Amino acid sequence: MHMANELLSVPVAAGTLAIAAAGLGFICRKVRQIITSDKLALMGILGAFIFAAQMVNFQLPAMPGTSGHMVGAVLLAIILGPHLGAIVISSVVIIQCLIFQDGGLLALGCNIINMALVPSYLGYFLYRTVTAGPFSSLRVYVGAISACVIAMQVSAALVPIQAALSGVLAVPFSTFLITMLGVHLLVGLIEGLITVGVLGYLQQVRPDIVVDSLSGKVRLSKKAVFVTLAIFTIIIGAGFSLLASDLPDGLEWSYAERPDQPDFKTALSNEDQRIVTVDKFQSKYSLMPDYSIRAPVSAEAAPKETNISAGWTSFAGVAGSAVTMVVIWLTAWILRKKPSPKI
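Just so we're clear, the structure is a prediction, and the values are computed from it rather than from any experiment.

Draft legend 1. Quick peek at the overall build of the chain. Tallying secondary structure elements over the chain gives 11 helices and 2 strands in all. Computed over C-alpha atoms, the radius of gyration of the chain comes to 20 Å, within 12% of the 20 Å expected from 2.2 N^0.38 for 343 residues, which places it in the range of a compact globule. Overall size of the chain, expressed as C-alpha extent along the three principal axes, is 60 × 45 × 45 Å. When burial is assessed residue by residue, the chain has 49% of its 343 residues classed as buried. Intrachain contacts of the chain at a sequence separation of at least 6 include 76% that bridge at least 24 residues.

Following this line, the structure appears as structure tokens:
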């Protein structure tokens, strides 16, 4: 659900970036006392896991022309708490934008708000509301799925609102809104099931890793759990990413292209040349646009790109996960409150 530059006007892009920066600044001040050594390690590994998981687009059931991918903000908020979860998923979104051109540079503020800040706090609140009271595995799973679905719906609704404020919609606001909500209802349900799967695994092996501890028996050391999560990340980033659907995701399908509807016309009209300039700048300086090697300039080299694209996708999955983990570790280490020197 990464927004492209064309969905926004420059003033709205600037305003949302300021809001996102202010929100992250406030959160960074709040987390200094809660980043322990264990939390620092878990933040990096979970960030890498979510980066890899977001690369896997799955075709949506009953919708042959579109795909979706998990966001992971709710999962991170449940495991780490909303503050640390928001920092981790924001780091993922920023790296995706700056290195892989996944999400527009002008839209970075919106993507942080829509994919990190809002679902982290809203999802955590909904999850805690449902799971309040005596522990119940059923309540945990219902809470996780409900939180994912509702948080995804709210995030999806923000996109048409931001586009409408930008004055770029060429269709009625209600049409874009209903389409976004319908598509992302399916995405939210699937993300909820994935979230339940991860929580179920942690409940079986190390329930106390979750910030509001699940009930269960400790069967693995924390180090062993970190290793298994790292292995899952490599498998997903290097392997499952190759199986990802090449269909447009729910947002792109809602406004830009529909392979199943050849006559579909884009739902936007944005003629601001500054948007075009930013797009070109981002394309020129992104290290691995669209998680692959930069497209060759000459037509003669184009066939070679097809042959190596699968390998580059695997490389992008593993390398991007590693970069994400290191960036989050460094960020958390910098934010972590240092103990006062003994006198």
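The rest of the description comes next.
Draft legend 2. The layout of surface pockets, seen in detail. Empty space within the largest pocket amounts to approximately 1,000 Å³. Along its surface, the largest pocket is lined by 36 residues, and N57, D102, E252, D290 and Y291 are the ones closest to its centre. Among the elements of the structure, α4 (82-100), α9 (250-255), α10 (273-285) and α11 (302-335) are those that each provide at least two residues to the lining of the largest pocket. Across the lining of the largest pocket, the residue classes break down as 13 nonpolar, 15 polar and 8 charged. Taken as a whole, the second largest pocket encloses approximately 270 Å³ of empty space. Along the walls of the second largest pocket sit 13 residues, with F49, A53, I194, V198 and I236 positioned nearest its centre. Sorting the residues of the lining of the second largest pocket by element identifies α2 (37-54), α7 (173-205) and α8 (222-238) as the ones contributing at least two each. Looking at the lining of the second largest pocket residue by residue, the classes come out as 12 nonpolar, 1 polar and no charged.

Draft legend 3. View of empty space enclosed by the protein. Applying the stated rule across the entire model yields 2 cavities of 30 Å³ or more. Taken together, M1, V71, A73, V74, N114, M115, P119, C148, A151, M152, S155 and E191 make up the lining of the largest cavity. Put simply, the parts of the chain that give the lining of the largest cavity at least two residues each are α3 (73-80), α5 (108-131) and α6 (137-166). Counting residues per element, the lining of the largest cavity draws most heavily on α6, at 4 residues. Of the residues contributing to the lining of the largest cavity, the split by class is 9 nonpolar, 2 polar and 1 charged. Looking at the second largest cavity, the residues that line it are M1, G68, H69, M152, H184, V187, D249, G250 and L251.

Draft legend 4. View of the nonpolar core. Grouped together as the largest cluster of nonpolar side chains are 95 residues, with contacts concentrated most on L7, I79 and L80. Those residues in contact with L7, other than ones at most four positions away along the chain, are Q162, A163, S166, V168, F176, L251, Y255 and L268.

Draft legend 5. Inspection of unusual backbone geometry at higher detail. One non-glycine residue with positive phi stands out, namely Q101, at about 55°. Structurally, Q101 can be placed in the loop between α4 and α5. Not every positive phi belongs to a glycine, and D290 is a case in point at roughly 60°. Counting through the fold element by element, D290 comes out in the loop between α10 and α11.

Draft legend 6. View of α5. Here α5 contains 24 residues, and its C-alpha end-to-end distance of 33 Å stays within 8% of the 34 Å for a straight helix at 1.5 Å per residue. Along α5, the largest kink reaches about 40° and is centred on P119. Taken across its 24 residues, α5 has 17 buried, putting it largely inside the fold. Looking one or two places after α5, you find G133, whose phi comes out positive at around 105°.

Basis of the calculations
- Residues numbered from 1 in each chain as written.
- Predicted model: local features only at pLDDT ≥ 70, side-chain atom pairs only at ≥ 80, totals over all residues.
- Heavy atoms only, no water.
- Helix = DSSP H or I, 4+ residues; strand = E, 2+ residues; numbered from the N terminus.
- Rg over C-alpha atoms; globule rule 2.2 N^0.38 Å.
- Buried < 20%, exposed > 50% of the residue type's maximum accessible area, 1.4 Å probe, protein only.
- Contact = heavy atoms within 4.5 Å.
- 1 Å grid on protein atoms, 1.4 Å probe; cavity = no way out; pocket = protein on both sides within 12 Å on 5 of 7 lines; lining within 4 Å.
- Points joined across faces, edges and corners; volume = space filled by probe spheres on them.
- Nonpolar A, V, L, I, M, F, W, Y, C, P; charged D, E, K, R; others polar.
- Core = buried A, V, L, I, M, F, W, Y, C linked by side-chain atoms within 4.5 Å.
- Expected span 1.5 Å × (residues − 1).
- Bend = angle between axes of the 7 residues up to and from the residue.

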